[in-house]
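# Coordinate analysis (summary)
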Amino acid sequence: MGLRGLLWVSLLTLQAMHAQVSPKRPKGSEKRQAVDATVNGVLIQSLKVNCKVTSRFAHYVITSQVLNSANEAKEVAFDVEIPKTAFISHFVVTTNGKAFIGNIKDKVTAWKQYRKAAILGENAGLVRASGRTMEQFTIHISISPQSKAMFQLTYEEVLKRRLMQYDVVIKVKPKQLVHHFEIDVDIFEPQGISKLDVQTSFLPKELATQLIRKSFSGKEGHVLFRPTVGQQQSCPSCSTTMLDGEFTVTYDVNRDKICDLLVANNHFAHFFAPQNLTNMNKNVVFVIDISSSMAGQKEKQTKEALLKILGDMRPGDYFDLVLFGSEVQSWRGSLVLASTANLKAAQDFVRHFSLAGSTNLNGGLLRGIEILNKAQRSNPVLSSHAPILIMLTDGEPTEGVRDRSQILMNVRNAIGGRFPLYNLGFGQDVDFNFLEIMSMENNGRAQRIYEDHDATQQLQGFYNQVANPLLVDVQLQYPQDAVSALTQHSHKQYYEGSEIVVAGRIADHKLSSFKADVQAHGEGQEFKTSCLVDEAEMKKLLQERGHMLENHIERLWAYLTIQEMLAKRMKLGGEERDKLSAEILKMSLNYQFVTPMTSMTMSGLVDESGLQPVIDKPTEDYQPLEMLGHRRSFALPANQKPSPTRPSSSDKKLPSKVTGVDTDPHFIINIPQKEDTLCFNINEEPGVILSLVQDPNTGFSVNGQLIGDTARSPGKHEGTYFGRLGIANPATGFQLEVTPQNITLNPGSGGTVFSWRDQASLRQDKVVVTINRKRNLVVSVEDGGTFEVVLHRVWKGSATHQDFLGFYVLDSHRMSARTHGLLGQFLQPFDYKVFDLHPGSDPQKTDATMVVKNHQLTVTRGLQKDYSKDHRHGAEVTCWFVHNNGAGLIDGVHTDYIVADIF
């Protein structure tokens, strides 16, 4: 197959990597010498990373376009590293005008795929664990000569505040020059952005200043990195790229107000990170594994970290050290003040302790717990401090109590919910799942420490996150009758530089009674505050960020809920575990997340064994990619390769007359049994959303939102047009949002975005969408109908001054008799009579009397235009015009068809 084009973009947080930096090049040098970015016939035309952050919820879209300019088929690879904490929500491969879209389903449904792969001795999944904090997504596609392929991956996560900032870290490694490379980070934080910075490991500081545009003001921040091909070169005469390293965006938000409460679409997010609090003194016990397996570098690095941590203890802190091998020993056996003398003695103890025997994990933990409990009970001064237990081990329990369930029960009973336990697992030989469960059961968390040159820094970095407690026993409370489905709202401790996030649902009509009450204990005082929703401010925020803010708050809640349920699931067994697994599956499918309960499959792409790609959430024990054997390459099946000249479904013969709505907005109702046409207008304000088609039997719906004419004349009626359409088929989870600018598949889950410049055919389950470049798109629903959206562009001499859309029903014979909406109610035959034709107020038009639906109306003969076939000029249609917003013809009144949302 020859050399393949390889695209590699990694979005993750990890330790810094050093990249060789090219010398500074003179400005404009790329203009003097054209640079060929093609490698073995493969050109990466564009590679774009777009990140939109809205109130800590980060939505990433990575899009790559590749051209095979060779005269033979080439294999290209799409390689992406994403954080282990993120959920993939969408993936699409487009080639030869045909889109192959990932379909998220119950993992059990994909069982046959896994079974077949297992029989063949292969791995069906595209995602594998990679490094400390990453998962690597890789797919290889064979594309035909002179063809293009586009890859688009979407994933989402909630950014976590650590050490006073949020991090978006992008590791870039395209491995060849890219014709159009771009990283675009857009941040919207209602509290206001207090700082924003960018660092790269692959650009000299001076060059980074020239090439990276960054700005922030008020609620918005923006970072753009768009190097030319010449600026990507590793040297002025090189054909290799210098883009190899990290691109890090860090920011924080203003903390002027103690309340940060967002509400939208019946969901809320509460961000709690109060400032200007006094650091609490802490009681900390370090429980350290000194078994023989810690010999060598692990012992050295553990001692180095402990010495540094002890040196950073505050004068008011109390501490002790417990060591466990076969036997358990403590330094003092009780808490002592972090005085200069005590710290020096403790550091001497650390320098000189030696390793011995096996791993009495149970004994070491119980000794540390006993020291903390005794201090809390017997010393009134110490009882007001923040107690913390930190345990480090590199192996499994091999001495004393070895039964894991017994150890869990012993630790849980001994701590009794009084303080957090943080477990650090050093290396790959620990049972990390066991440590995670133990920490979760005791209000803490576990962290893996990797055997590497920077293990000392890893240990110190963890300690720094918990070194400065500000509050203990934090309770965030909300009215029970107003909220449901709350995420974790009780926290044992709150640390400086961190943030507590609570999300939930708000019951209908309960916003007025919704508030948040926070209670906690601080240094020498009680902490209490109440927060109310600033409805005026929320209205303003929704106007600024609109649908994105609503969508991101709800998805933030869903993300946190799923992550918390997955953590809880680790501790359960039997029926309880099965029940919780079903809840996780349901929510994962509702919000289209790839989680441990779901898989994404891709119909239409197969490898040489006939297997389809499968996108999974890898577990902790998955093998990394580099340890896998045979690499799988996917291609279109021979009998499915589309021809670029293949006629689209819109080229099929259309009915001579159709029902639809177009221009200002004129509704045209075709009555085939009478060989006649009725029409009416709807006059409403811009922004109003109208129900056009609604089939209650299937849930299929089409809604349209009105926009105004940008060139409105004072005193004249403002023309309104459809500027946004939402087409939904809930039975298959299909959603399509159409505007004059873009066509977005499944916008609620960050789906693929097409422009009207694209020519493409998409299939998702029982829905086919055909985009005809700059003209129209056709949506065909199996067991439903066929619909057309017409694009109207402003052109010289046109009557309107804003692009808009028309909508037509091409085929509806499979839709149910209960179908309703401004258009849908007329898709079934109905009767009416027209008589008493006479001149109207306009002598050039004929008026008549119509009897329809038990109403007697005056109607006028007129002309409208049908653009379903001639998208620019239209065809004139003679119709009976029903006045007053279709009153008497439509069921009810036109305001009955106003709906709240586009879907």
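Turning next to the overall build of the chain. When its secondary structure is counted, the chain shows 15 helices and 53 strands. For the chain, buried positions account for 56% of its 903 residues. Taking the contacts inside the chain whose residues are at least 6 apart along the sequence as the reference set, 69% of them involve residues at least 24 apart. As displayed, the chain offers around 38,800 Å² of accessible surface, 48% of which is attributable to carbon and sulfur atoms.

Let's shift gears to the state of the cysteines. A complete count under the given rule lists 3 disulfides for this structure. Two residues, Cys 259 and Cys 531, share a disulfide whose sulfurs are 2.1 Å apart. Across the S-S bond linking Cys 259 and Cys 531, the dihedral sits near -85°, which makes this disulfide left-handed. Pair noted here: Cys 259 is in the loop between β16 (245–253) and β17 (261–264) and Cys 531 is in strand β31 (residues 525–532), with a separation of 272 residues, a long-range link.

As a further point, take the packing of helix α7 (residues 361–378) against helix α9 (residues 404–415). Their axes nearest at 10 Å, the elements α7 and α9 cross at an angle of 5°. Viewed along their axes, α7 and α9 adopt a mutual orientation that is roughly parallel. Together, Asn 362, Leu 365, Leu 366, Ile 369 and Asn 373 of α7 and Ile 407, Asn 410, Val 411, Ala 414 and Ile 415 of α9 make up the contact between the two elements.

In this section: the pairing of strand β39 (residues 701–708). Counting buried positions along β39 gives 7 out of 8 residues, so the element sits mostly inside the fold. For strand β38 (residues 689–694) and β39, the ladder comprises 5 bridges, and the chain directions are antiparallel. Pairing of Val 693 across the sheet is with Val 702, part of β39. Remark: 6 residues form the turn of the hairpin made by β38 and β39, two consecutive strands paired antiparallel; Gly 699 in that turn has positive phi of roughly 85°. Across 8 bridges, β39 lies against strand β40 (residues 720–729) in antiparallel orientation. Within β40, the position partnered with Ile 707 by the bridge is Tyr 721.

Reading across from one edge, β17-β18-β29-β27 is the order of the 4 strands in this open sheet, with antiparallel pairing throughout. Each end of this open sheet is capped by a strand with a single partner; those strands are β17 and β27 (483–484). Here 4 bridges tie β17 to strand β18 (residues 267–272), and the two strands are oriented antiparallel to one another. If you follow Ala 264 over to β18, its bridge partner there is His 267.

Predicted confidence across the chain gives a mean pLDDT of 86, with 88% of residues reaching 70 or more. In the predicted structure, residues 1–32 sits below a pLDDT of 50 and forms 108 contacts with residues beyond four places in sequence or in another chain. Below a pLDDT of 50 lies the segment residues 117–124, which in the model reaches 18 contacts outside its immediate sequence neighbourhood of four places, other chains included.

This paragraph deals with the pattern of salt bridges. Going through the model one piece at a time under the given rule, you end up with 37 salt bridges. Note that Asp 431 and Arg 404 form a salt bridge whose closest N and O atoms lie 2.9 Å from each other. Taken together, the positions of Asp 431 in the loop between β24 (421–426) and α10 (432–441) and Arg 404 in helix α9 put the pair 27 residues apart, joining distant regions of the chain. We classify Asp 431 as partly exposed; its relative accessible area is 24%. The class for Arg 404 is partly exposed, based on a relative accessible area of 27%.

The next thing to look at is the nonpolar core. Among the nonpolar cores identified, the biggest contains 63 residues, and Ile 88, Phe 91, Phe 137, Phe 151, Phe 225 and Phe 247 are the most heavily contacted of them. Broken down by element, the residue count for this core peaks at 6 residues, all from strand β2 (residues 42–54). When residues no more than four places from it in sequence are discounted, the contact partners of Phe 91 are Phe 78, Phe 100, Ile 101, Gly 102, Phe 137, Ile 139, Phe 151, Gln 152, Leu 153, Met 600, Met 602 and Ile 615.

The phi dihedral of Asn 443 is positive, around 60°, even though this residue is not glycine. Positionally, Asn 443 belongs in the loop between α10 and β25 (446–449). In this structure Asn 443 comes out as partly exposed when scored by relative accessible area, which is 39%. Positioned with a positive phi, Glu 675 is a non-glycine residue whose angle comes to about 50°. Along the polypeptide, Glu 675 turns up in the loop between β36 (666–671) and β37 (676–681).

Its location among the elements puts Pro 829 in the loop between β48 (804–811) and β49 (832–839). Residues Pro 829 and Pro 672, 157 residues apart in the sequence, show an inter-C-alpha distance of 8.5 Å.

On to the sheet that holds strand β33 (residues 614–615). Hydrogen bonds between backbone groups are what pair the strands of a sheet, and the pairing can be parallel or antiparallel. Taken in spatial order, the 3 strands of this open sheet run β7-β32-β33, and their pairing is antiparallel. Each end of this open sheet is capped by a strand with a single partner; those strands are β7 (103–106) and β33. Looking at chain direction, strand β32 (residues 598–601) and β33 are connected through 2 bridges and run antiparallel. Each residue of the ladder has a partner; that of Met 600, found in β33, is Ile 615. Lying on the sheet, helix α14 (residues 574–590) is in contact with β7 and β32; it crosses β7 at an angle near 165°.

Moving on: the packing of aromatic side chains. Applying the stated rule across the entire model yields 29 aromatic pairs. Ring geometry for Phe 319 against Trp 331: centres 5.4 Å apart, planes inclined by 15°, an arrangement best described as stacked. Of this pair, Phe 319 sits in strand β20 (residues 318–324) while Trp 331 sits in the loop between β21 (328–330) and β22 (336–337), placing them 12 residues apart in sequence. Judged on exposure class, the residue Phe 319 and its partner Trp 331 are both buried. Between Trp 557 and Tyr 591, the ring centres sit 6.1 Å apart and the planes meet at 75°, which makes this aromatic pair edge-to-face. In this pair, Trp 557 is assigned in helix α13 (residues 547–569) and Tyr 591 in the loop between α14 and β32, connecting sequence segments 34 residues apart. Judged by its relative accessible area of 1%, Trp 557 is buried.

Looking now at α7. Look at α7: 26 Å from first C-alpha to last across 18 residues, which is about the 26 Å you get at 1.5 Å a residue. Burial in α7 covers these residues: Leu 361, Asn 362, Gly 363, Gly 364, Leu 365, Gly 368, Ile 369, Ile 371, Leu 372, Asn 373, Ala 375 and Gln 376.

Bringing α9 into the picture now. Under the 1.5 Å per step criterion, the end-to-end length of α9 is 17 Å for 12 residues, consistent within 8% with the ideal 16 Å. Turning to α9, its buried residues number three or more, namely Ile 407, Leu 408, Asn 410, Val 411 and Ile 415. The buried residues of α9 occupy an angular sector of 165° when projected down its axis, which confines them to one face. Residues Ser 405 and Asn 413 are exposed on α9 and point more than 90 degrees away from its buried face. Buried residues belonging to α9 abut α7, β24 and α10. A positive backbone phi angle near 60° is found at Gly 416, which sits one or two residues after α9.

For the rest of this paragraph, the subject is the side chain of His 666. Tracing the chain through its elements places His 666 in strand β36. A polar contact of 2.6 Å, which involves the side chain of His 666, links it to the side chain of Asn 681.

Glancing now at the packing of α9 against α10. As a packed pair, α9 and α10 sit with axes 10 Å apart at the nearest point and diverge in direction by 25°. One finds that α9 runs roughly parallel with respect to α10. In terms of crossing hand, the pair formed by α9 and α10 is right-handed. Here Arg 404, Ile 407, Leu 408, Val 411 and Arg 412 of α9 lie close against α10, whose contacting residues are Phe 434, Ile 437, Met 438 and Glu 441. Taken together, the residues of the contact of α9 with α10 sort by class into 6 nonpolar, no polar and 3 charged.

About the criteria used
Each chain has its residues counted from 1, running along the sequence as written. Two thresholds apply to this predicted model, a pLDDT of at least 70 for residue-level local features and 80 or more for giving and counting side-chain atom pairs, whereas whole-chain, interface and lining totals are computed over all residues. Side-chain calculation: all heavy atoms of the structure are included, whereas hydrogens and water are not. Here a helix means four or more residues in a row that DSSP labels H or I, a strand means two or more in a row labelled E, and each is numbered from the N terminus. Buried means the residue's accessible area, taken with a 1.4 Å probe over protein chains only, is under 20% of the maximum for its type, while exposed means over 50%, and partly exposed covers the values in between. Contacts were defined at the residue level, with two residues in contact if any of their heavy atoms lie within 4.5 Å. Surface exposure here means Shrake-Rupley accessible area, sampled with a 1.4 Å probe, where a residue is shielded only by the protein chains that are shown. By convention in this document, the label disulfide applies to cysteine sulfur atom pairs within 2.5 Å. Here an angle of 0 to 180 degrees is reported between the N-to-C directions of two axes, which are lines fitted to C-alpha atoms, with helices fitted over the stretch in contact. Put simply, angles under 35 degrees are roughly parallel, angles over 145 are roughly antiparallel, angles from 65 to 115 are roughly perpendicular, and the rest are oblique. In this analysis, strands are considered paired if DSSP registers two or more bridges between them. A residue's pLDDT is the predictor's confidence in that residue, given on a scale from 0 to 100. For salt bridges, the criterion is a side-chain nitrogen of Lys or Arg within 4 Å of an Asp or Glu carboxyl oxygen. Here, nonpolar core refers to any group of buried Ala, Val, Leu, Ile, Met, Phe, Trp, Tyr and Cys residues whose side-chain atoms link them within 4.5 Å. Ring pairs shown here join Phe, Tyr and Trp side chains whose ring centres sit within 6.5 Å, with only the six-membered ring taken for Trp; geometry is labelled stacked below 30 degrees between planes, edge-to-face above 60, and tilted in between. In this analysis, the expected span of each helix is defined as 1.5 Å times one less than the number of residues it contains. Working definition: the arc comes from the directions between the helix axis and the C-beta atoms, pointing outward to the latter. The term polar contact refers here to a pair of N or O atoms within 3.5 Å; inside protein, the definition further demands a hydrogen-donor-capable atom paired with an acceptor-capable atom, and it admits residues adjacent in sequence only when both atoms are side-chain atoms. In a left-handed crossing the near helix is turned counterclockwise from the far helix by less than a right angle, and in a right-handed crossing that turn is clockwise. In this classification, Asp, Glu, Lys and Arg are treated as charged, Ala, Val, Leu, Ile, Met, Phe, Trp, Tyr, Cys and Pro as nonpolar, and every other residue, Gly included, as polar.

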